[in-house]
Amino acid sequence: MEQPVYDRTARRLHWWTAVLVLTSGPLGLCQATVPDEAMADFLLRAHLTLGLVIIALTLVRVVHSVVSPRPPLPDSVTGRRRLGAKVVHRTLILLLLAISVAGVAVWITSDLPLMPWSATREAIDRASAAAMTHRVLAYLFTALAIVHVVGVTAHDAIHPGTIGRMRRARAVPEPGLVEAERVG
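Small disclaimer: the values here were computed from a predicted structure and weren't measured.

A.B. asks: Would you take a moment to explain the environment of Thr-109 for this structure?
C.D. replies: Inspection of the secondary structure assignment puts Thr-109 in helix 3 (residues 79-109). Exposure remark for Thr-109: the relative accessible area of 44% places this residue in the partly exposed category.

Here it is, written out as structure tokens:
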């Protein structure tokens, strides 16, 4: 039986966010440890710029989830796993927003210019409390994202099709086409 899938917008927002987070996180970590100041400043600017895009995508995701509700969880997700899935998904979005707010707090308290491509690591060092909050929230997000990926992967191993709900819509063959010509 086919499981209901997320709509195209939800899938794109999910994967764009995932790619940007997987890019921005390492940039943020590297900028703090790279000895070359010019490279560190470049990495910081890239991290800040991607962070702004992540904020925008996350807000669009929240609006989209209200306007176009997600498909129901498969029947194979029951009891505590159903509650766990809802809690993990909502907490991931809340953490993305909290990380973003903390990142903006770093920006404000460090006296950075309004344009992220002018930022320097030296300015960020002045925002230590906000930067620590941003960092801790990012680590919590990473841990929860790992729980999410492991949970979805494990469930898909037992009940195939779970991952497909977010990968792409099921291909529906057009009537009259032979097997080799089917769309998909």
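A.B. asks: Explain the side chain of Thr-58 to me, please; I cannot follow it from the model alone.
C.D. replies: Topologically, Thr-58 is positioned in helix 2 (residues 37-67). Excluding anything up to four places from it in sequence, Thr-58 contacts Ile-93, Leu-96 and Leu-97.

A.B. asks: It is not clear to me how the packing of helix 1 (residues 8-33) against helix 2 should be interpreted in this structure. Could you clarify?
C.D. replies: A pair of packed helices is captured by two measures, namely the crossing angle of their axes and the spacing between those axes. Interhelical geometry of helix 1 versus helix 2 gives an angle of 155° and a closest axis separation of 8 Å. It follows that helix 1 is roughly antiparallel to helix 2 by the angle criterion. Taken as a pair, helix 1 and helix 2 cross one another with a handedness that is left-handed. The class makeup of the residues in the contact of helix 1 with helix 2 is 16 nonpolar, 10 polar and 1 charged.

A.B. asks: In this structure, what is going on with helix 5 (residues 128-158)? I would like to understand it.
C.D. replies: For an α-helix the count is 3.6 residues per turn, leaving residues at separations of three or four pointing the same way. Here helix 5 is 31 residues long and its end C-alpha atoms lie 45 Å apart, about the 45 Å a rise of 1.5 Å per residue gives. Along helix 5, the residues classified as buried are Ala-130, Ala-131, His-134, Leu-137, Phe-141, Leu-144, His-148, His-155 and Asp-156.

Thresholds, definitions, all that
Residues numbered from 1 in each chain as written. Predicted model: local features only at pLDDT ≥ 70, side-chain atom pairs only at ≥ 80, totals over all residues. Heavy atoms only, no water. Helix = DSSP H or I, 4+ residues; strand = E, 2+ residues; numbered from the N terminus. Buried < 20%, exposed > 50% of the residue type's maximum accessible area, 1.4 Å probe, protein only. Contact = heavy atoms within 4.5 Å. Axes fitted to C-alpha atoms, helices over the stretch in contact; angles between N-to-C directions. Parallel < 35°, antiparallel > 145°, perpendicular 65-115°, else oblique. Left-handed = near helix turned anticlockwise from the far one by under 90°. Nonpolar A, V, L, I, M, F, W, Y, C, P; charged D, E, K, R; others polar. Expected span 1.5 Å × (residues − 1).

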